[in-house]
Amino acid sequence: MAHEDLHHMLRSQRVWSPEVTRLSPFDPDTAPPTPLLLFTSWFAEAVEAGQPEPHAMSLATADEDGRPDVRIVMLHGADAEGWSFGTHATSRKGRALGVRPYAALAFYWPVLGRQVRVRGPVAAASPAESQADLHARSTGALAAALTGRQSEELSSLEELRRASEAAWEKARGNPCEPSPTWTLYRLRPESVEFFQGDGERRHVRLEYRRTEFGWAKGLLWP
């Protein structure tokens, strides 16, 4: 496909088509005092609106040389301790967090024209808590974790198939099978931004910033 075709397709795409997106007014003066309360409310509204995989989020890290990387992971929870996700400590993102324990998260819920961005330091949970998190998930999640070797070079899809089948057998036979490198990480937010799209492009951006006295709120230009 020629790059002209790609350019044409890009130009033909719409943002927030009224057939699939409902842009609701957002009054930042009514926002709660903490970002977790607003995130919980917006997440519930995304679920109710039928947003596919609302718990999917972009996770951005940087390696020891400062080179950025980003991928999609799943949110495991959000509470007073932070926003949590899991991965192998030996994976590419796990190694990056080992040398630069700071990250950014981004949620995008197009059915409501909303984004949420979270930034802050990241800390690993204890091995016991990490394994408990893993074993509370699905059999498929455990099998994927037991397959292991995430981000390593793969010689063939056949090698993956054999390793995956063995991992599935273990996961089905023992739902508490340990995966030693699996780690639960928590991002403790220093800033959380809530973006509400507007049809006239007067988007509302509300940012919470952590201070020594608690959370401060402020607006950002779109």
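Note that the coordinates shown come from a computational prediction; the quantities given were computed from them, not determined experimentally.

Novice: How should helix α2 (residues 35-48) be read in this particular structure?
Specialist: For α2, which comprises 14 residues, the first-to-last C-alpha distance of 20 Å matches the rise-based estimate of 20 Å (1.5 Å per residue) to within 8%. Listing the buried residues of α2 in full gives P35, L38, F39, W42 and A46. Across the axial projection of α2, the buried residues extend over an arc of 100°, all falling on one side. Positive phi shows up at G50, right after α2, with a value of about 85°.

Novice: Would you take a moment to explain the pattern of salt bridges for this structure?
Specialist: Pairs can form between side chains of opposite charge once their charged atoms are near each other. If you walk through the whole model with that rule in mind, you get 13 salt bridges. For R186, the salt bridge identified is with E129, shortest N-O distance 2.3 Å. Of the two residues, R186 is situated in strand β7 (residues 182-187) and E129 in helix α4 (residues 127-135); the sequence distance between them amounts to 57 residues. Residue E129 is classed as partly exposed on the basis of its relative accessible area of 32%. We note a salt bridge from R162 to E158, for which the minimum N-O separation is 3.5 Å. In this pair, R162 and E158 are both assigned in helix α6 (residues 157-173), four residues apart and thus about one turn of the helix distant. With relative accessibility at 35%, the residue E158 sits in the partly exposed group. Connected through shared salt-bridge partners, E158, R161, R162 and E165 make up one network.

What counts, and at which threshold
- Residues numbered from 1 in each chain as written.
- Predicted model: local features only at pLDDT ≥ 70, side-chain atom pairs only at ≥ 80, totals over all residues.
- Heavy atoms only, no water.
- Helix = DSSP H or I, 4+ residues; strand = E, 2+ residues; numbered from the N terminus.
- Expected span 1.5 Å × (residues − 1).
- Buried < 20%, exposed > 50% of the residue type's maximum accessible area, 1.4 Å probe, protein only.
- Arc of directions from axis to C-beta.
- Salt bridge = Lys/Arg side-chain N within 4 Å of Asp/Glu carboxyl O.

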